[in-house]
Amino acid sequence: MKAKRLSVIGAPLGVSIVGAWLSARWLGPGRELTMAVSGAAQTSSELLLRPSMLSFHGELEISPDTLIQAASAEPVFSWTAQTPTGAISIPFSPYGVSRSGVEFHHYWQRAGELEDVSDISDFSLPLALENAGRPFNLKEMGQLPVQFGLRLDQARYADIMLQFAKQAGAKITDDTNQETEADFVIECVVDVESAAWRGSRIGLSAPDDLSGAESQVFANAARRACALIGDLSDQPAERAEFNRLSENEADRIADMRTLLVAEDLQHSASPELLRKIDVFRACGRIPTEDFEVFLSPEWLAALRARGVQPRRYDRMADRLPEAELLSWLTQLRRQIEQITSAGNPS
Amino acid sequence: MTKQQVKSVVIAGGGTAGWMTAAALAKTLGGAGVSVTLVESEAIATVGVGEATIPAITKFNQRLGIDEHDFMRATQATYKLGIEFADWGALGESYFHPFGRYGFDLEAVEFHQHWARLRSLGDAHGLEDYSLNTLAAYQGKFVRPEPDHGSVIGQLGYAFHFDASLYAAFLRDFAERRGATRIEGLIESVEQDGETGSITALKLDGDRRVAGDLFIDCTGFRGLLIDGACGSHFHDWGHWLPCNRAVAVACEKQGEPVPYTRSTAREAGWQWRIPLQHRTGNGHVFCDAYLSAEKAEEVLLANLDGEPVSSPNHLRFRTGHRQEFWSSNCVAIGLSSGFLEPLESTSIHLIQMGISKLISLFPSAIEAPIDRAEYNRLMRDDFEHIRDFLVLHYKATRRDDSPFWDYVREMDIPDSLARKIELLQSQGRFFKYDAELFDVTSWLAVAEGQGLGPQGFNPLAQGLSDQNLRQSMENMRGAYAKAAAAMPTHQAYIERFCKAPPMDLKAKTA
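Please read all numbers here as calculations on a predicted model, not as lab measurements. (Residues numbered from 1 in each chain as written. Chains lettered and ligands numbered in written order. Predicted model: local features only at pLDDT ≥ 70, side-chain atom pairs only at ≥ 80, totals over all residues. Heavy atoms only, no water.)

Novice: Residues and numbers for the overall build of chain A, please.
Specialist: Helix and strand counts for chain A stand at 13 helices and 11 strands. When its C-alpha atoms are laid out on the principal axes, chain A stretches across 75 × 45 × 35 Å. Put simply, chain A has 346 residues, and 55% of those count as buried. Intrachain contacts of chain A at a sequence separation of at least 6 include 74% that bridge at least 24 residues. Carbon and sulfur atoms make up 46% of the accessible area of chain A, which amounts to about 14500 Å² in all. A distance of 4 Å separates the average location of the 34 positive side-chain charges in chain A from that of its 48 negative side-chain charges. (Helix = DSSP H or I, 4+ residues; strand = E, 2+ residues; numbered from the N terminus. Buried < 20%, exposed > 50% of the residue type's maximum accessible area, 1.4 Å probe, protein only. Contact = heavy atoms within 4.5 Å. Areas by Shrake-Rupley, 256 points an atom, 1.4 Å probe, with all protein chains shown as cover. Lys, Arg positive; Asp, Glu negative; His and termini not counted. Charge placed at Lys NZ, Arg CZ, Asp CG, Glu CD.)

Here is the structure:
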C-alpha cells in the first residue's frame, strides 16, 4: 500500500514546531513526513515561549533543561507589549493571590478605597522576579508559585526541534517543491492572518507582533491538525472544525492586539472585546470566550494599562475585615520582597 | 436611584431553587453586609424539581461546607453513578450513561479511539466494559473515591438521588442559621417603581410589604416576578423537545436501592425511576399531542416497582427559557427561568449555575446593565448546550413504532448539534465548547448507545500494534472488573456511613 505523505513547508519556526509535534504524534507505519524549510531562521532573533509551551515540550519529552543548555534559554515571567502610551509588562501569573475564590485585584481595589495603597504591580511576584536582576535556576523555578516561559535563541530552538523531528523519523530537506509529491501539505508562514484548511492544504500563519504568540499559535495548530487530519483524506466536518477553532484563536489574538494598540478602543473593538471591557469596567470580572489564547492576568494587565478600571470590586471581598485586609496586603509585599531579594525562595 | 447599593435580597418562593439560593447567598454574602429574606407560603405546593442530580452538585455542597453524609441522612439520599436508558435507540435496547470516564488514554491518544479501532478488528467489547461506573452500577456497588484509592477508582464520578423537599428543608435550616430570614406569606402583588419599572417590594397577604433591592424569582413555572412584573418573554424550544407534560408518583421501594437512575422510553415520551433510601420516585414525561394524560398516568402506574404511596401529580411545562433571566432588578432562578426536561437530571444543576453566576456578578447597584447582560449571555449558553445534548437523545433513535418517535427522528435539529454529531460519527472527534457541561464521555455514551457512534477512528490510534492494543485493552477491562468486584455494595456503604432514619411514607405524602 502506498504510504501517506505529509509535507510541512515554510518558515523555520513554524516548520520545526509543527513538524516536531507531527513526527511524535502522527508519524507511524504507512506514513511519511517531510519537512522543508524555506529561508533561514533569524539567527540573532530572540524567541519567547509562553508557559503553555512547557507542557507542549513536556509531551514531546523535551525538558526545559535541554532548551536552557542547547538554546541559551532563560526563564521569563512576563512579556512586553507596546501601547500608545509606552511599553508595558504583562505577567503570566496573577497579581497577588486569590482568596476564598475572589481574585486579588478585588481586594486591592477595596483596600484602595480604605487608604492609600501602592500600585497593584507592586503585588505581582512575576513582575518582581522579572525585575530582580538576577537569574533563576530551574530548581528555584519549581518552588515558586508562578508560571514561567522561556526566552531563547530562535535559530537554535528551531534547530533543536528539527533534530527532534529527524530522530523521530521525519525527513528534513531544503527542497521546497516537496508539496508536489505530498498527499497533504501544511504551509507555515508568519504574518497576521488566520489559519485555514482548504482541500488538501492547511495554511498556518502566526502573528509576529505579539511576543510569544507566534510559537504558541504554531503549537496549537500542530495539536489541532494532528487531531483532525487523520489519514489525510478530505473530511468536511473535521475541516470545518479546524477552521472554526483557528478563526476563534485568531479573533482572540486580534482582540488583544486591538486592546493594546488601538487609539480609539470603543470604535475599534470587536463585540467580544467590547464585552470584556464593559464587564470588567462594570464589576472587575473578565469574561472568557469559547477559545482563549491569553490568560486572565494578561487581560487584566492590558485592560489596566489602557485605563480601563472597574467601577466596583466583588462584594465578596467585603467579607474580609478591614484590618485583616490591610495587614494581609502588607504581608504580601513583604513576602514578595523576601522571595526576590533572598535568592532562596521559601 | 440607579446608584443605590444592593443591601437586601428578597427571594420569592421556597422550594429547591429558593432555599438553594438563600443558603448560597447567606453563606457567601452574609459577611458582606447583604441581608437575605425568603418569602414562601405553606399553602403553595412546590414542584419538588430534581431528585436526581449530576456530579456538579457535590461542588455546590462542598462550597457551602455541607458534610456529605449529614446531607445524605437528612434527605434520604442514595448515590448515583449514571443513568440507564432503555428502549431509546430501539425497542429492547439499553445502554448506560456513566458519570465517570471510559478507559485510559494510550500513547496520548484518547481511549475511545483505541476502542473504536479494536472494534474494527472484530472485538465485541462495548464501552461499558471500560467504565467502572457502569460495572459498579449494574453490580449495585459503590464507594466514595478518596485520594488514596488509586487511578482506577479515582475515575468514579458520582452524584445523588435525594428527596428534593427534604433537601429544601435541610438548606432552609442551613440558611436560617446563617442569618437568612424566612417570611411566611402569600404574595398578592408586586410593587414597582413607576419610573424605572424596577421592583421595590412584594406585597403579602395581611397588608404586609417586603421591600428589597434585588429580587430573586423562585416562584416556579408561574414566574410571578420575571414574567408577571418584568415581562420577560419565554423562548420556546417545543419544536425540538416536544414533551410538555409529566405525571409523577412515589412508590414503595423494592429491595435495595440501585445506584443509578433509569429512563425508559415510552410511546410518546419516557419514564424515570429514581431510588431513594425510603421510597422510589417515578414519573412519566410525555407530549400531550401524542398521548392523553389519562393514558400517560395508566402507563406510569402499570410500570412501578412497588405500590404507589402518593396520588399521581400532573404537571404542565414549556421547554425553553426566558429571553432575559435577569431583567431590571429581578433574577429568575429555577423553573421560573426556564425548563429543560429532566432527562439528564439537569434541573438542579441549572439552579446551581444561576446561583454561582449571580454570586460572581453580584451587583453593587440596583441598576447593573453590564452585569445583567453578561449573566443573561452565560445562562443562555448553559441552556443551549444542555438543550443540544437532550435533543441528541431524541434525534438518535431508530424507533418507528409511534408518531411521536417518527416526529423526533425526522425533525430538524440545531446547527450546533448537527455539527457535533457529524464530527463524532465520522471518527469520534469531540471538541468541548468553553462552558459546555457534558463532555466526550456523555456524548459518546448516548451517541454510541443509540446507534450514532463513531464509524471510524482517528488514524493516530494505529500507533500500537494489534497485539499490544488487544493486551492493553484486556488489562484495562480486568482492572475495572477487579475494582468493581472489590467495592462494597451500595446498600452496605449507605448502612455504614449515611443511613437515614425511617420515614412514615403515608404520613409524609398525605
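Still more ground to cover, so stick around.
Novice: Tell me about the overall build of chain B, and name the residues and values.
Specialist: Helix and strand counts for chain B stand at 17 helices and 21 strands. In summary, chain B has a C-alpha radius of gyration of 23 Å against a globular reference of 24 Å for 510 residues, a match within 12%. For chain B, the C-alpha atoms occupy an extent of roughly 75 × 50 × 50 Å along the three principal directions. For chain B, the proportion of its 510 residues judged to be buried stands at 61%. Nonlocal contacts in chain B, meaning residues at least 24 apart in sequence, comprise 77% of its contacts between residues at least 6 apart. Computed over 50 positive and 65 negative side-chain charges, the inter-centroid distance for chain B is 3 Å. (Rg over C-alpha atoms; globule rule 2.2 N^0.38 Å.)

Novice: Hey, could you go over the interface of chain A and chain B for me, with residue numbers and the actual values?
Specialist: Across the boundary between the two partners, chain A contributes 31 residues, which contact 33 residues of chain B. Between chain A and chain B the total buried area reaches about 2800 Å² when both faces are included, carbon and sulfur atoms providing 54% of it. Remark: the boundary between chain A and chain B carries four salt bridges. Remark: the boundary between chain A and chain B carries 15 residue pairs in polar contact (both at pLDDT 80 or more). When residues of the side of chain A that touches chain B are traced back to their parent elements, those giving at least two are α8 (213-229), α9 (236-261) and α11 (271-283) of chain A. Across the side of chain A that touches chain B, the residue classes break down as 12 nonpolar, three polar and 16 charged. (Buried area = accessible area lost by both parts, 1.4 Å probe. Salt bridge = Lys/Arg side-chain N within 4 Å of Asp/Glu carboxyl O. Polar contact = N/O pair within 3.5 Å; in protein donor to acceptor, adjacent residues only side chain to side chain. Nonpolar A, V, L, I, M, F, W, Y, C, P; charged D, E, K, R; others polar.)

Novice: Describe the sheet that holds strand β5 (residues 94-98) of chain B, and please don't skip the residues or the numbers.
Specialist: Residue and element names in this part refer to chain B. The sheet built from seven strands is open, its strands ordered β5-β4-β14-β15-β16-β13-β17 with mixed pairing. Looking at strand neighbours, the two that pair on one side only are β5 and β17 (313-316), the edges of this open sheet. The average angle at which neighbouring strand axes cross in this sheet is 20 degrees, direction not considered. One ladder, built from four bridges, connects strand β4 (residues 82-86) with strand β14 (residues 261-266); its direction is parallel. Residue Ala86 lies in a different strand from β14, and its bridge partner there is Thr264. (Pairing = 2+ DSSP bridges. Axes fitted to C-alpha atoms, helices over the stretch in contact; angles between N-to-C directions.)

Novice: Please provide a residue-by-residue account of the sheet that holds strand β8 (residues 187-192) of chain B, values included.
Specialist: All names here are of chain B. Strand order across the open sheet formed by three strands is β8-β9-β10, with antiparallel pairing between neighbours. With partners counted over all chains shown, the strands left at the sheet margins are β8 and β10 (208-211), one partner each. Within this sheet the neighbouring strands show an average axis-to-axis angle of 25 degrees, counted without direction. Note that strand β9 (residues 199-204) and β10 share four bridges and pair antiparallel. The partner of Leu204 across the bridge, within β10, is Arg208.

Novice: Tell me what's going on with the side chain of B:Asp213, and back it up with residues and numbers.
Specialist: All names here are of chain B. The topology assignment puts Asp213 in the loop between β10 and β11 (214-217). In this structure Asp213 is buried but unpaired, with Lys7 as the nearest side chain of opposite charge at 7.3 Å. Looking at Asp213, its side chain comes within polar contact range of the main-chain nitrogen of Lys7, at 2.7 Å.

Novice: Go over the packing of aromatic side chains, please, and point to the residues and values.
Specialist: A complete count under the given rule lists 43 aromatic pairs over all chains for this structure. Between A:Phe104 and A:Trp328 the ring centres are 5.8 Å apart and the planes differ by 65 degrees, which places this aromatic pair in the edge-to-face class. You can see A:Phe104 sitting in helix α4 (residues 104-114) and its partner A:Trp328 sitting in helix α13 (residues 322-342), a full 224 residues away along the chain. The class for A:Trp328 is buried, based on a relative accessible area of 10%. Taken together, the ring pairs connect B:Phe71, B:Tyr79, B:Phe142, B:Tyr158, B:Phe160, B:Phe162, B:Tyr167, B:Phe170, B:Tyr493 and B:Phe497 into an aromatic cluster. We note A:Arg99 situated over the ring of A:Trp328; from NZ or CZ to the ring centre the distance is 4.9 Å. The residue whose ring lies beneath A:Lys276 is A:Trp299, and the NZ or CZ to ring-centre distance is 4.5 Å. (Phe/Tyr/Trp six-rings, centres within 6.5 Å; stacked < 30°, edge-to-face > 60°. Lys NZ or Arg CZ within 6 Å of the ring centre and 35° of its normal.)

Novice: Mind laying out the nonpolar core, listing which residues take part and the relevant values?
Specialist: Across soluble globular proteins, nonpolar side chains have a tendency to be buried as a group. Counting 259 residues, the largest nonpolar core has A:Ile186 and B:Tyr394 as the members making the most contacts within it. Counting residues in each nonpolar core, the second largest holds 15 residues, with B:Val10, B:Val210, B:Ala229 and B:Cys330 among its members. (Core = buried A, V, L, I, M, F, W, Y, C linked by side-chain atoms within 4.5 Å.)

Novice: Pulling in residues and values, what's your account of the pattern of salt bridges?
Specialist: Applying the stated criterion across every chain yields a total of 55 salt bridges over all chains. The partner of B:Arg73 in a salt bridge is B:Asp70, with the nearest N and O atoms 2.8 Å apart. Of this pair, B:Arg73 and B:Asp70 both sit in helix α3 (residues 68-74), three residues apart, roughly one helical turn. A cluster of three or more residues bridged by salt bridges with shared partners is formed by A:Arg275, A:Arg285, A:Glu289, B:Glu374, B:Arg377 and B:Asp381.

Novice: Kindly report on helix α1 (residues 12-25) of chain A, identifying the contributing residues and their values.
Specialist: With 14 residues, α1(A) should cover 20 Å at 1.5 Å per step; its first-to-last C-alpha distance of 20 Å lies within 8% of that length. Across the 14 residues that make up α1(A), a large majority, 13, are buried. (Expected span 1.5 Å × (residues − 1).)

Novice: Could you give an account of unusual backbone geometry, with specific residues and numbers?
Specialist: In this structure, A:Leu232 takes a positive phi of about 75 degrees despite not being glycine. In this fold, A:Leu232 is placed in the loop between α8 and α9. Assessed through its relative accessible area of 7%, A:Leu232 is described here as buried. A positive phi angle, close to 55 degrees, is found at B:Ser345, a residue other than glycine. Inspection of the secondary structure assignment puts B:Ser345 in the loop between β21 (338-339) and α10 (347-360). We classify B:Ser345 as buried; its relative accessible area is 6%.

Novice: Would you mind going over the pairing of strand β5 (residues 78-83) of chain A in detail, with residue names and values included?
Specialist: Residues and elements named next belong to chain A. Note: β5 against strand β6 (residues 86-91), six bridges, orientation antiparallel. Bridge pairing links Ala81 to Ile88 in β6. Hairpin connection from β5 to β6: two residues lie between these consecutive antiparallel strands.

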